[in-house]
Amino acid sequence: MSEANFIYLSQEDAVRCGAGDVAATVADTERTTLLAYRGKAIEAPTATLFWGVPAEKLKNFVGYPSKKRANIHAGYLDDDGVMKVALKNIPSNPDNPLNGKGPRASGLVTILDPETGYPVALMDAMVISCMRTGALGAIGVKHLRRPGSRSLGLIGVGPINQAAIACTAEVMPELEVAYVYDLNTERAKAFAAEFSRKLHIDVRAVDSARAAVADADVVIPATNVQTIDDAYIAPDWMKKGSLLVDLSIWDATFETLARADGYVMNSAISMERKTMTPSVMVDRGLAKEEEIIDLGKVIAGETAGRRGDGDVIVYFARGMAIYDVMCGYRVYENALKNGVGKTLSLWQSAFWS
C-alpha cells in the first residue's frame, strides 16, 4: 500500500452527516453505555494539559486549576464484531465567548482504521461532543427519573444544555415545563423563546439558579464551575424524588451529593478519573463504590436505578471518548454513503517503509 488517504469533514459537513441528529445520538450514547458495561469498550486515560498557571499548582489539584486546557482522548468499541477506534482532541477556554473569540472550545475527531491505525477520517468534534454530552445526560433521565416527572431545571444555556434539553425532550415525552437560568439574563430569555418554539413546551427563564432547581423533577447544570469550592446547589434546593444529572461536575456541594438517596454512574470506567466525581466522593468517604450503580446495568434490565419515588438520585455523567467513537463512526459512514467531505492525502508514497 503506497498511498494513505483520509476524508476531512468540516463542521458543516459533519452536521450534514448527522452530527446534530438528536435521536441517533441518544441511541448511540445508550448503546455505547451498554457496550461499556458488557466489557466491549476501552477508554484510554485522558491526557490533559493546563497552562497559564504555575506548574506547582497542577500537583494533586482536584478540579480544573486553569481555564486554559487541552484534553486528548482515545477510545475503542467492539460493536457486535465491528471494531471502532477514534481519538478526540479538545482545547478550550470558557472565557472565549466573553472575550469575543468564539465558542469556548474547538476540537477534532480522528477515526482510525482498526487494522493499520491510519486515519480514515478527520472531522470537527464540537457538534458531536456537545450532542453526545447532552445525550449522556438524557439517557440518565430516561432510566432514572421518577414516574410522573413533568419538569426540567437547566443551569447554563450554552451548547451543552442546548443539546441536553433537545435530548431530554426526546426521551421524556411527558415533559411540560423547563426552568432555565443563566448569568446572562438576555441569553436565558432567548434560549427560552427558542426552545419553547422548537420543542412545543413551556420554557421559562428564571432569575436564580435556585429557582431553576426548586420545582424541577430533573436538574441538569452545564456550567463553567471550576472546583468544588465554587459549588452552589445546596441540599434544600432539591425537590423530593428529583434527579440531579451531574453533567458539569462541580455544581452541587459535597453536602448535597452526600445527602442523596442513590447514585448512578454512566460507566464504572469513570471511577478511574481520580480528580472528578464520583471517584472523589469515594476517596473522601462520602459514598461507597459498590453502592454506585452502573447505568449499563440498568439499561440491560439487571437492576433498578431508583428504589423509591421519593428518592433524590444523583447521576454522574462523565464524558468519554467511547461516545465520540460511536457517534463519529456514524457520521463517517454517512459521509462515505453520501459522498460528503474532502479527500486529503497523508502521503502519496511513504518516506519510511
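Coordinates for the structure precede this section.
So, a few notes on the structure that sits alongside this text. Remember, predicted model here, so these are calculated numbers, not experimental data.

### Overview of the pairing of strand S7 (residues 119–124)
Line of reasoning, step 1. Both strand S1 (residues 4–9) and S7 contribute to a ladder of three bridges, which runs parallel. The residue of S7 that forms the bridge with Tyr8 is Leu122.
Line of reasoning, step 2. The pairing of strand S6 (residues 108–112) with S7 spans five bridges and is classified as antiparallel. The residue bridging Ile111 from the neighbouring strand is Ala121, located in S7.
Line of reasoning, step 3. Taking the residues that link successive antiparallel strands as the turn, the S6-S7 hairpin has six residues, and the phi of Gly117 there is positive, at about 80 degrees.

### What about the packing of helix H3 (residues 126–144) against helix H10 (residues 321–338)?
Line of reasoning, step 1. Closest axis-to-axis distance for the H3/H10 pair is 10 Å, and the angle between their directions is 125 degrees. Relative to H10, H3 is oriented oblique. Here the hand of the crossing between H3 and H10 comes out right-handed. Between H3 and H10, the contacting residues are Ile128, Ser129, Arg132 and Leu136 on the first element and Tyr323, Asp324, Cys327, Gly328 and Val331 on the second.
Line of reasoning, step 2. Partitioned by chemical class, the residues of the contact of H3 with H10 number five nonpolar, two polar and two charged.

About the criteria used
Residues numbered from 1 in each chain as written. Predicted model: local features only at pLDDT ≥ 70, side-chain atom pairs only at ≥ 80, totals over all residues. Heavy atoms only, no water. Pairing = 2+ DSSP bridges. Helix = DSSP H or I, 4+ residues; strand = E, 2+ residues; numbered from the N terminus. Axes fitted to C-alpha atoms, helices over the stretch in contact; angles between N-to-C directions. Parallel < 35°, antiparallel > 145°, perpendicular 65-115°, else oblique. Left-handed = near helix turned anticlockwise from the far one by under 90°. Contact = heavy atoms within 4.5 Å. Nonpolar A, V, L, I, M, F, W, Y, C, P; charged D, E, K, R; others polar.

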